[in-house]
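# Secondary and tertiary structure notes
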Amino acid sequence: MRDEQIDEALNKAARAPQELKPETLRRISDAIGSSLRPVRPLPPQWAITGGLVLICAAVSLAGAARAGFFGIEKMSLLERGLIFPALGILAWVMGSALVHEMIPGSRRRISSGTLSILAIAALAGLFAFLFRDYQTDHFFSIGIVCLVTGFLHAIPAGLLGWLLLRRGFAVNPVSAGLIAGTLAGLAGVGVLELHCPNFQAAHVLVWHTAVVPLSAAAGALTGWLVRSWSRKHAIRERVRSADRKTQ
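Scope of this entry: the structure provided in the associated data block.

Definitions and cut-offs
Numbering of residues starts from 1 in every chain and runs along the sequence as written. Selection of residues for local features in this predicted model requires a pLDDT of at least 70, selection of side-chain atom pairs for listing and counting requires 80 or more, and totals for whole chains, interfaces and linings are taken over all residues. Computation of side-chain values covers all heavy atoms of the structure but excludes hydrogens and water. Each helix is a run of DSSP H or I of at least 4 residues and each strand a run of E of at least 2, with the numbering of both proceeding from the N terminus. Buried means the residue's accessible area, taken with a 1.4 Å probe over protein chains only, is under 20% of the maximum for its type, while exposed means over 50%, and partly exposed covers the values in between. Counted as a polar contact is a pair of N or O atoms within 3.5 Å, where, for protein atoms, one must be capable of donating a hydrogen and the other of accepting one, and residues adjacent in sequence contribute only when both atoms are in side chains. A patch is a set of surface residues, each over 30% in relative accessible area and not in a salt bridge, joined within 9 Å for like charges and within 5 Å for the nonpolar side chains Val, Leu, Ile, Met, Phe, Trp and Tyr. With residues, only the protein chains shown are counted as cover, and all accessible areas are computed by Shrake-Rupley using a 1.4 Å probe. We count a salt bridge whenever a side-chain nitrogen from Lys or Arg sits within 4 Å of a carboxyl oxygen from Asp or Glu.

### Regarding unusual backbone geometry
Negative phi characterises most residues that are not glycine, and trans characterises most peptide bonds. A positive phi angle is found at His-138, which is not glycine, with a value near 50°. Mapped onto the fold, His-138 is located in the loop between helix 6 (112–130) and helix 7 (139–165). For His-138, a relative accessible area of 57% gives the class exposed.

Pasting the structure below:
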């Protein structure tokens, strides 16, 4: 048999109607129908974004209330009037981007990595403009404490944000995790700005700002682990399905 004859036979088989028995169609319909459940529509995107911002604000306030509001008490009116609105705006931007990441088909004008870098750069630029004390007393000992404190408060902010968005679906878990980590990191920075009275420029620029990239990296790593687990689980299911067919 020549190649042309094989191709012709395959084309005929593809065009031939494949009729299914009514019993088979009914079983398929019953199987699909039994797994369907009514779902509630998601709230508006602005409402979800507002919820994420409120979570970050609540975590920041709760952390500072436990540790003390020494930082904001020491700030000038200019520092208060620039830092906290800036944190709120950045949280809204990152929250909006995270909502788009969790809704398949949403338009994304800027990649998650670029957005995170811009947020970190904006925060560092603001700190560099406001804080002009260039001493470095106890740079590492105090700095590590602030970094750990900020990161530990970013974790509950990230978990609460996940609870709010659990009905969404991240097409790219790594990208969504990066944005979620950046947003949670802003909550950690909020705690430090409310609590930490160390206004040395190097301390704030390095250790306070570092909370955001550290949290972003942790979020991206979590997304990568979730994606890897999902792929392995899908491969196992395919292997099991293939085994059932061969039995």
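Back to the write-up after that little detour.
### Observations regarding the environment of Arg-166
By the secondary structure assignment, Arg-166 is in the loop between helix 7 and helix 8 (173–195). For the pair Arg-166 and Met-102, spaced 64 residues apart in sequence, the C-alpha to C-alpha distance is 8.9 Å. Within the structure, the side chain of Arg-166 is placed 2.4 Å from the backbone oxygen of Leu-163, a separation counted as a polar contact.

### Remarks on a nonpolar patch on the surface
A surface patch of nonpolar side chains, amounting to about 430 Å² of accessible area, comprises Ile-144, Val-148, Leu-152, Ile-155 and Leu-159. Take Ile-155: it is sitting in helix 7. Judged by its relative accessible area of 38%, Ile-155 is partly exposed.

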